Amino acid sequence: MTVATAGHRTPAGPEPAGVDNRLVVGGATLTWRALPLPVLPEPSAVLAHSAVHALTAARQHAVYGTELLLSSASRVDAAMRVELLDAGFTVSVLDDDGAHPSVPARPRAAEPGRLWLLTSGSTGRPKRVGHTLDTLTTVRADQPDRTWLCPYAPGTYAWWQVVTLSLTQPGQHLVVVEPDELDDWPTVAAAHGVDAASGTPTFWRRTLYRDAAALARVPLRQITLGGEPVDQAILDQLRDIFPAARISWIYASSEVGASIVVHDGRAGFPVDWLDRETPGRPTLSVVDDELVVTSPFHGAGLAGPVRTGDRVQVRDDRVLITGRLDSDEINVGGSKVSAGVVRGVLAEHPAVAWARVTGRRAPVLGRMVVAEVVLAPTEHLDTAEAALVRWCADRLPEYAVPRRIRVLTEIPVKESLKSDV
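For clarity, every value in this text was computed on a predicted model and none was experimentally measured. Here the residue numbers are simple positions, counted from 1 along each chain's written sequence. Only residues with pLDDT of at least 70 are given local features in this predicted model, and only at 80 or more are side-chain atom pairs given and counted; all residues enter the totals for whole chains, interfaces and linings. Side-chain measures were taken over the full set of non-hydrogen atoms in the model, leaving aside hydrogen atoms and water.

Visitor: Looking at this model, I keep getting lost on the sheet that holds strand E24 (residues 404–408). Mind explaining?
Guide: In sheet architecture, strand pairing relies on hydrogen bonds along the backbone and comes in two forms, parallel and antiparallel. Read from one edge to the other, the open sheet built from three strands follows the order E22-E23-E24, with strand pairing classed as mixed. This sheet does not close on itself; its edge strands, each paired only once, are strand E22 (352–362) and E24. Put simply, the sheet's adjacent strands are angled 25 degrees from each other on average, direction ignored. The pairing of E22 with strand E23 (residues 366–375) spans ten bridges and is classified as antiparallel. Bridging across to E23, Ala 362 finds its partner in Gly 366. Whether two residues are in contact is decided by their heavy atoms, any of which lying within 4.5 Å being enough. Axis lines are fitted through C-alpha atoms, for helices just across the contact stretch, and the angle between N-to-C directions can take any value from 0 to 180 degrees. Helix and strand definitions here come from DSSP, where helices need a minimum of 4 consecutive H or I residues and strands a minimum of 2 consecutive E residues; each element is numbered from the N-terminal end. Against the sheet, helix H6 (residues 201–216) makes contact with E22 and E23, and its axis sits at roughly 125 degrees relative to E22, the strand it touches most. At least two bridges found by DSSP between two strands are what make those strands a pair.

Quick look at the structure:
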């Protein structure tokens, strides 16, 4: 890569502590220190051509504190580019030849040290949330040496969580996979000694569906799930393959940072964590079935309680996150159905690799529950719909049983590694 460097600038501070950690990206093995430092105007919105270009922009920010919004080009459409230019960002495509900038009509002064994230857009168009490298760095205690897999889209909150860990902690090496490598990531991971991996439940389900044997050959000691509701079925499936690994699920968002971390192998978090105030840690509350978080890792301007838009249910001694408020609740003839609860029941069936549950308009009832499923490759149900309807009928109220179940042949996944479950 022949990116022009920014050697004429004065570094904002010392090199990050993880600067000599190993990176495997784009078929090459190098270190953070070996990455070139691109010349970036401030404030800069960088649309990275590939994973290695995203990493160079991250290191550039860590060294110089350049005000930066980082994304893959595919996540930023023409309308968003106009929005960024109107907000005073120089929008640059970063590739092997350097940065190719589009300059705003009304430039503004930069805010040194500011990092901007684009939200996933689950509630509409993505919006910008301000952070710093410090607020994105939530793992601060010394960690055992690990080689992490990073499958996330550049610039997302989950991407920054893995990247800041490698930047700030010696011994935290990184193997980055591009979107076209996702189908074969276990082979890449095994070849480079990956022993820790973070992904969405859809990412893990899709890997299990495509090649569980290849996944089992990866020597994982740490497995992390987040970004979507995490049910007991996927936790149990991963435990069966990796009985000695630590399996963690994390609730995090661009707005409130990493707020919940659970290591006990159970879906949800303990009910006695609610309304517990501990210095330096998030406070979790439930208001009208919605998770509310007060977090020290919040984005700029989001101090105090933040309504997350995520629906929760308290069941026995656990608090379960079932989905988004605007999509999880289905009103069937006046009875409220949680799509997440129905999805969890379907996911518990041994023949189901993945499920999505939604509401559809229906006469008389107004809405009815429908589902899409992907069957496990080793399972064959000649009458899948009838069998799964019976399974749900034995476990759910009559009004919550799906009236239509469609069988798909592949688990759908977006660039975010989610599938809108």
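Next comes the rest of the account.
Visitor: Sorry if this is basic, but what is going on with the pairing of strand E19 (residues 318–324) here?
Guide: On a regular strand, each side chain points to the face opposite its neighbour's, so the side chains alternate between the two faces of the sheet. Among the seven residues that make up E19, six are buried, leaving the element largely enclosed by the rest of the structure. The pairing of strand E15 (residues 269–270) with E19 spans two bridges and is classified as antiparallel. Bridged to Pro 270 within E19 is Arg 318. Two elements, strand E18 (residues 306–315) and E19, share six bridges in a ladder whose sense is antiparallel. Throughout this description, buried means an accessible area under 20% of the type-specific maximum (1.4 Å probe, protein chains only), exposed means over 50%, and partly exposed covers the range between.

Visitor: Just checking my understanding: could you explain the pairing of E18 for this structure?
Guide: Pairing between strand E17 (residues 290–294) and E18: three bridges, direction antiparallel. When the sheet's bridge partners are listed, Glu 290 is paired in E18 with Arg 311. What sits between E18 and E19 in their antiparallel hairpin is a turn of two residues, with Asp 316 showing a positive phi close to 55 degrees.

Visitor: For this particular structure, what's the right way to read the pattern of salt bridges?
Guide: Oppositely charged side chains can pair when the atoms bearing their charge come close. Throughout this description, the term salt bridge denotes a Lys or Arg side-chain nitrogen within 4 Å of a carboxyl oxygen of Asp or Glu. Scanning all chains against the criterion turns up 20 salt bridges. The shortest N-O distance in the salt bridge between Arg 210 and Asp 183 comes to 3.4 Å. Residue Arg 210 is found in helix H6, and its partner Asp 183 is found in the loop between strand E10 (172–176) and helix H5 (185–191); the two are separated by 27 residues along the sequence. Arg 221 is the salt-bridge partner of Asp 195, the closest N and O atoms lying 2.6 Å from each other. Here Arg 221 lies in the loop between H6 and strand E12 (222–226) and Asp 195 lies in the loop between H5 and strand E11 (196–199), a separation of 26 residues in the sequence. Take Arg 221: its relative accessible area is 41%, and that puts it in the partly exposed class.

Visitor: What am I meant to see in the sheet that holds E19 here?
Guide: Ordered in space as E15-E19-E18-E17-E16, the five strands form an open sheet in which the pairing is antiparallel. With one partner strand each, in any of the chains shown, E15 and strand E16 (283–287) form the two edges of the open sheet.

Visitor: Just checking my understanding: could you explain the packing of aromatic side chains for this structure?
Guide: Pairs of aromatic rings are described using the distance from one ring centre to the other and the angle between the two planes. Between the rings of Phe, Tyr and Trp (Trp by its six-membered ring), a pair exists once the centres lie within 6.5 Å; its type follows the angle of the planes, with under 30 degrees stacked, over 60 edge-to-face, and the other angles tilted. For the structure shown, the criterion picks out six aromatic pairs. Aromatic side chains Trp 159 and Trp 160 sit 5.0 Å apart centroid to centroid with 85 degrees between the ring planes, which places their arrangement in the edge-to-face category. As far as burial versus exposure is concerned, Trp 159 and Trp 160 are alike and both buried. A centroid spacing of 5.2 Å and a plane angle of 80 degrees characterise the contact between Phe 203 and Trp 204, whose relative ring orientation is edge-to-face. Across the pair, exposure class does not vary: Phe 203 and Trp 204 are buried alike. An aromatic cluster is built from Trp 185, Phe 203 and Trp 204, whose rings are joined through pairwise contacts. Any Lys NZ or Arg CZ found within 6 Å of a ring centre and within 35 degrees of that ring's normal is scored as a charge over the ring. The ring of Phe 89 carries Arg 108 above its face, with NZ or CZ at 5.0 Å from the centroid. Sitting over the ring of Trp 391, Arg 395 keeps its end group 3.4 Å from the ring centre.

Visitor: Got a minute to help me understand the packing of H6 against helix H7 (residues 232–241) in this structure?
Guide: A pair of packed helices is characterised by two quantities: the angle between their axes and the separation of those axes. As a packed pair, H6 and H7 sit with axes 12 Å apart at the nearest point and diverge in direction by 5 degrees. Considered as vectors, H6 and H7 are oriented roughly parallel to each other. For the pair H6 and H7, the contacting residues are Trp 204, Arg 205, Leu 208, Leu 215 and Ala 216 in the first and Ile 234, Gln 237, Leu 238 and Ile 241 in the second. Within the contact of H6 with H7, the residues separate by chemical class into seven nonpolar, one polar and one charged. Every angle not falling under 35 degrees, over 145, or within 65 to 115 is termed oblique; those three ranges are roughly parallel, roughly antiparallel and roughly perpendicular. Only Asp, Glu, Lys and Arg are considered charged, only Ala, Val, Leu, Ile, Met, Phe, Trp, Tyr, Cys and Pro nonpolar, and every remaining residue, Gly among them, polar.

Visitor: Even after reading the chapter, I still don't get the packing of helix H1 (residues 51–64) against helix H4 (residues 157–168), so can you show me in this structure?
Guide: Following both chains from N to C, one finds H1 and H4 inclined at 60 degrees, their axes separated by 12 Å at the closest point. As judged from the angle between their axes, H1 and H4 are oblique. Pair H1 / H4 crosses with right-handed handedness. Contacts from Ala 54, Leu 55, Ala 58 and Ala 62 of H1 reach H4 at Trp 159, Trp 160, Val 163 and Leu 167. Broken down by class, the residue content of the contact of H1 with H4 amounts to eight nonpolar, no polar and no charged. Crossings are sorted by hand: turned counterclockwise from the far helix by less than a right angle, the near helix makes the crossing left-handed, and turned clockwise it makes it right-handed.

Visitor: Please clarify how helix H2 (residues 78–86) should be interpreted in this entry.
Guide: Each full turn of the α-helix corresponds to 3.6 residues, which orients residues three or four apart in the same direction. For H2, the N-terminal capping position is held by Asp 77, with its side-chain oxygen 3.3 Å away from the main-chain nitrogen of Ala 79. Following H2 by one or two positions, Gly 88 adopts a phi angle in the positive range, close to 90 degrees. In protein, a polar contact means a hydrogen-donor-capable atom and an acceptor-capable atom, both N or O and within 3.5 Å, with residues adjacent in sequence counting only if both atoms are side-chain atoms; elsewhere, any N or O pair within 3.5 Å suffices.

Visitor: Where do I start with the nonpolar core in this structure?
Guide: Side chains that are nonpolar tend, in soluble globular proteins, to be buried together. Trp 32, Leu 55, Trp 159, Trp 160, Leu 174, Trp 204 and Leu 225 are the most contacted members of the largest nonpolar core, which has 77 residues in total. The contact partners of Leu 55, leaving out residues within four places of it in the chain, are Leu 23, Val 25, Trp 32, Leu 35, Trp 159, Val 163, Leu 174 and Val 176. Here, the term nonpolar core denotes a set of buried Ala, Val, Leu, Ile, Met, Phe, Trp, Tyr and Cys residues that are joined through side-chain atoms within 4.5 Å. With 22 residues, the next largest nonpolar core counts Val 352, Ala 355, Val 373 and Leu 396 among its residues.

Visitor: Any chance you could explain the environment of Phe 242 here in plain terms?
Guide: Note that Phe 242 resides in the loop between H7 and strand E13 (246–253). Placed 169 residues apart in sequence, Phe 242 and Ile 411 show a C-alpha to C-alpha distance of 22 Å.

Visitor: Sorry if this is basic, but what is going on with the side chain of His 53 here?
Guide: The topology assignment puts His 53 in helix H1. When its relative accessible area of 2% is taken as the criterion, His 53 is described as buried. At 2.7 Å, the side chain of His 53 and the side chain of Ser 50 are in polar contact.

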